[in-house]
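Observations on chain architecture
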Amino acid sequence: MAATGYRLGVLEGDGIGPEIVPAAVEIATAAAAAAGVTLDWVPLPLGADAITTHGTPVPDETRRTLGELDGWFLGPHDSVSYPEPHRSALNPSGTLRKHFRLFANIRPAKSFPGAKAVCENADLVIVRENTEGFYADRNTYAGSGEFSPVEGVAIAMGIITRAATERVARVAFDLARSRRKKLTIVHKANVLKLTTGLFRTVCQEVGREYPDVVVDDFHIDAMTVHLVRRAQDFDVIVTENMFGDILSDLAGEISGSLGTAPSINASADTAMAQASHGSAPDIAGQGLANPVAMILSGAMLLEWLGARHADDAVARAARIIEAGVAATIESGVSTRDLGGSASTSEFTAAVVKAVQGAS
């Protein structure tokens, strides 16, 4: 089979980013080679280092180049440590999501044999609408979406539209159809009747186009309880921006560690691999970071490319990565957040060896 090739951006970011992003790149490269795929990596400036070299955390050249690539790996950012005015501005992740209209944030949570988990057989995916809701930095064309009419009063706009909800609902239902054919809508329609009520209604309407998918729905507060008690019963969860952010962190911990929680942010024509966790500056540079979330985010991007381009080879590379990570953890090699003692580099080396064995 002829090799296929893709150009992917590499943005290491801050904190533990320069440790976990290279680990993900090394493993993706090994898996791609095993599957007969060529990956051309394009390093680009972003984050605190970019402020030093370019005067901004997201240089224009970074945005321009990303628009020419097939996708990219984005490391975590530590924007709270940036000097003003950058600290108060839209953070690098939000800037890229908004600029490229990455409307679907897909966040799996899956337990690994051999790793400690609250729910040992969780296997679910949260599909989070990424452009609206109460997140003021993403829900307006211009301006922050937050304002203070008088001192001591602050107001945020929570925006839900039919068009954006239909768009993300179809992503979620298509995903459910490819998995266990069950979808859960999360909302707060008993209180936020117009906004999240519209979200629930539109998702239910889209669901009628998928008669093979079983649909239910829960209020956000009840859903937190259900995840803790019976995460294994859920397949695909679709919800608005803020609820999805909160639930995906909870689901990551339930399935073992936020360090294992991957994600991609996607539009119809591009995608960004980004671990769900933050930059963990307290452990940066110590070799303690768990690279699993970033590694699996890379696998998700390769899987997305396989679906977009009908490319079985790059989809196989994604499966090789997933199998290599699972086999490594099950063998007893893991970082300390999963109960093991391996360093970031030791765990990476073990996964590379497993991946190379797949060829």
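Let me sum up the structure you'll find in this document. (Residues numbered from 1 in each chain as written. Predicted model: local features only at pLDDT ≥ 70, side-chain atom pairs only at ≥ 80, totals over all residues. Heavy atoms only, no water.)

If you tally the helices and strands in the protein, you get 11 helices and 12 strands. The C-alpha extent of the protein, read off along each of the three principal axes, is 55 × 50 × 40 Å. Counting contacts in the protein only where the partners sit at least 6 residues apart, residues at least 24 apart contribute 74% of the total. As displayed, the protein has an accessible area near 15,100 Å², and 53% of this comes from carbon and sulfur atoms. Positive and negative side-chain charges in the protein, numbering 31 and 42 respectively, have mean positions lying 6 Å apart. (Helix = DSSP H or I, 4+ residues; strand = E, 2+ residues; numbered from the N terminus. Contact = heavy atoms within 4.5 Å. Areas by Shrake-Rupley, 256 points an atom, 1.4 Å probe, with all protein chains shown as cover. Lys, Arg positive; Asp, Glu negative; His and termini not counted. Charge placed at Lys NZ, Arg CZ, Asp CG, Glu CD.)

Mapping Thr335 onto the fold places it in the loop between helix H10 (312-330) and helix H11 (344-356). Judged by its relative accessible area of 1%, Thr335 falls in the buried class. A polar side-chain atom of Thr335 sits 2.6 Å from a polar atom in the side chain of Asp337. Setting aside residues no more than four positions away along its own chain, Thr335 makes contact with Leu288, Ala289, Asn290, Pro291, Gly340, Ser341, Ala342, Ser343 and Phe347. (Buried < 20%, exposed > 50% of the residue type's maximum accessible area, 1.4 Å probe, protein only. Polar contact = N/O pair within 3.5 Å; in protein donor to acceptor, adjacent residues only side chain to side chain.)

On to the sheet that holds strand S4 (residues 104-110). Taken in spatial order, the 10 strands of this open sheet run S2-S1-S3-S12-S11-S4-S5-S10-S8-S9, and their pairing is mixed. Looking along the sheet, the strands with just one partner apiece sit at the ends: strand S2 (37-43) and strand S9 (214-219). With strand direction ignored, the average angle separating the axes of adjacent strands in the sheet is 25 degrees. As paired elements, strand S5 (residues 123-129) and strand S10 (residues 236-239) share 4 bridges and run parallel to each other. Bridge assignment links Arg128 to a residue of S10, and that residue is Thr239. On top of the sheet, helix H4 (residues 92-99) reaches strand S1 (4-11), strand S3 (71-74), S4, S5, strand S11 (264-266) and strand S12 (271-274); it is set at about 160 degrees to S12, its chief contact. (Pairing = 2+ DSSP bridges. Axes fitted to C-alpha atoms, helices over the stretch in contact; angles between N-to-C directions.)

With that settled, consider the environment of Ala172. Within the secondary structure, Ala172 sits in helix H5 (residues 162-178). If sequence neighbours within four positions are ignored, Ala172 has contacts with Val127, Leu183, Val236 and Val238.

On to the layout of surface pockets, then. The space that makes up the largest pocket amounts to roughly 1,100 Å³. As for the largest pocket, its lining consists of 36 residues, of which Pro108, Leu175, Met300, Glu303 and Glu322 are closest to the centre. Secondary structure elements with two or more residues in the lining of the largest pocket: S4, S5, H5, S11, helix H9 (292-309) and H10. Residue contributions to the lining of the largest pocket peak at 8 residues, all from H9. When the residues that make up the lining of the largest pocket are grouped by side-chain class, the tally is 22 nonpolar, 5 polar and 9 charged. (1 Å grid on protein atoms, 1.4 Å probe; cavity = no way out; pocket = protein on both sides within 12 Å on 5 of 7 lines; lining within 4 Å. Points joined across faces, edges and corners; volume = space filled by probe spheres on them. Nonpolar A, V, L, I, M, F, W, Y, C, P; charged D, E, K, R; others polar.)

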